[in-house]
Amino acid sequence: MAVIGDIMCHTTNFYDAYDKTTDTYDFSKVFLDVKDYIQTADISIGNLETTFSGKKIGYTGYPTFNTPEELAQNLADIGLDVVSTANNHSLDKRYNGLVSTLDELDKVGLSHTGTYRSKEEQDNILIKDVNGIKFAFLSFTYGTNGIPVPSGKEYCINLIDEELILDQISKAKSLNPDIICANMHWGDEYKLKQNSKQEKLADLLFKNGVDIILGSHPHVLEPMEKRTITLDDGTTKDGFVIYSLGNFMSGQVIENTKNSIILNLQITKHADNTISIDSYNYVPIFMLDKGNGQKERYRILDINKSITDYENGDTSISKNLYNTLKKSKEKIDKMFITTTTN
């Protein structure tokens, strides 16, 4: 399983992707250096933190996002399989925008969880069978930036509410999955460590049957850990949590928001039908921003490869960028060095 963080699209991102000769958008070049890690995974998942609400109402960046729908196709093209859609920007363009986003994802074949067009959809847990391992995907968010969830359509988004969480887990369990994976939009923006609410929620999720917890919202990396979970009947199982994956794609410039990872989880189903999370590691990545007015301004870099290329004489990488990438790698490795196994 390959996991990426927040997929955001600020105004500068879609300006960079615009082709005035065809009046279309193409984000594919942003992903060229890292797409193989996603395409070669058996399953991949990310957090879609924008809407596809349509060209007619105008494309917008922060604080209320509406992204050119070509991004959905570009994400499908790099091999992304599942996106979590429950986050604080889900209702940026209100209910119609939420519905339009799901419609666009369906058009390109991207599975989604966390927001819904009907109560029936909310009750229908997303299941994926991957090489004989059955995954159930859930998604929840702390809120919607103060935008009210429309009355009578409370089903449209999974908010972090203990009763709803337990109900969704119960519905997932009824489908007999091997793995329950929950995307949690939580925590404090730009903080490099989880807060006590995140820890308590993680304990609640693990205790009630979730196996993998993938965090988002802080826009920076937060710690990960593999746990041995003891269930009420005394049996144990593997559990894994990363409190925040940071940004995959964005136009943010705040410190640490350009540093991220592609997380890799190695999962095995054994002959006795037990599941183990055998190992976890990561590819450190960096959101390159060449600056205003530069052609192909944005690109997600494979940090290790870029450092090696520079040291082998690649003149397309400047000394300043090389030094920036070295510092980013140090920060990322320092956060994860005590917890990551290869």
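Scroll up to find the structure.
My aim in this report is to walk through the structure given alongside it, one point at a time. (Residues numbered from 1 in each chain as written. Predicted model: local features only at pLDDT ≥ 70, side-chain atom pairs only at ≥ 80, totals over all residues. Heavy atoms only, no water.)

**Structural notes on the packing of aromatic side chains**
And step 1. Going through the model one piece at a time under the given rule, you end up with twelve aromatic pairs.
And step 2. Ring geometry for Tyr62 against Phe65: centres 6.4 Å apart, planes inclined by 65°, an arrangement best described as edge-to-face.
And step 3. Look at Tyr62 and you get exposed, because its relative accessible area is 61%.
And step 4. By relative accessible area, Phe65 is classed as buried at 0%.
And step 5. Ring centres of Phe135 and Phe137 lie 5.9 Å apart, and the angle between their planes is 10°; on these two criteria the pair is classed as stacked.
And step 6. Every member of this aromatic cluster is reached through a ring pair, and the members are Phe14, Tyr15, Tyr18, Tyr25 and Tyr59.
And step 7. Looking at Lys153, its charged tip hangs above the ring of Tyr95, at a distance of 5.1 Å from the centre. (Phe/Tyr/Trp six-rings, centres within 6.5 Å; stacked < 30°, edge-to-face > 60°. Buried < 20%, exposed > 50% of the residue type's maximum accessible area, 1.4 Å probe, protein only. Lys NZ or Arg CZ within 6 Å of the ring centre and 35° of its normal.)

**Digging into the layout of surface pockets**
And step 1. Taken as a whole, the largest pocket spans an internal volume of roughly 440 Å³.
And step 2. Looking at the largest pocket, it is lined by 19 residues, and the ones nearest its centre are Pro177, Asp178, Gly209, Asp211 and Lys237.
And step 3. Looking at the lining of the largest pocket, the elements with two or more residues in it are strand S9 (179–185), strand S12 (236–245) and strand S15 (275–289).
And step 4. Per-element tally for the lining of the largest pocket: the top contributor is S12, with three residues.
And step 5. Taken together, 15 residues line the second largest pocket, and the ones lying closest to its centre are Asp16, Ala17, Tyr18, Asp26 and Glu296.
And step 6. Of all elements in the fold, only helix H1 (11–17), strand S2 (18–19) and strand S16 (298–302) reach the threshold of two or more residues within the lining of the second largest pocket.
And step 7. Residues belonging to the lining of the second largest pocket are distributed by class as follows: five nonpolar, two polar and eight charged. (1 Å grid on protein atoms, 1.4 Å probe; cavity = no way out; pocket = protein on both sides within 12 Å on 5 of 7 lines; lining within 4 Å. Points joined across faces, edges and corners; volume = space filled by probe spheres on them. Helix = DSSP H or I, 4+ residues; strand = E, 2+ residues; numbered from the N terminus. Nonpolar A, V, L, I, M, F, W, Y, C, P; charged D, E, K, R; others polar.)

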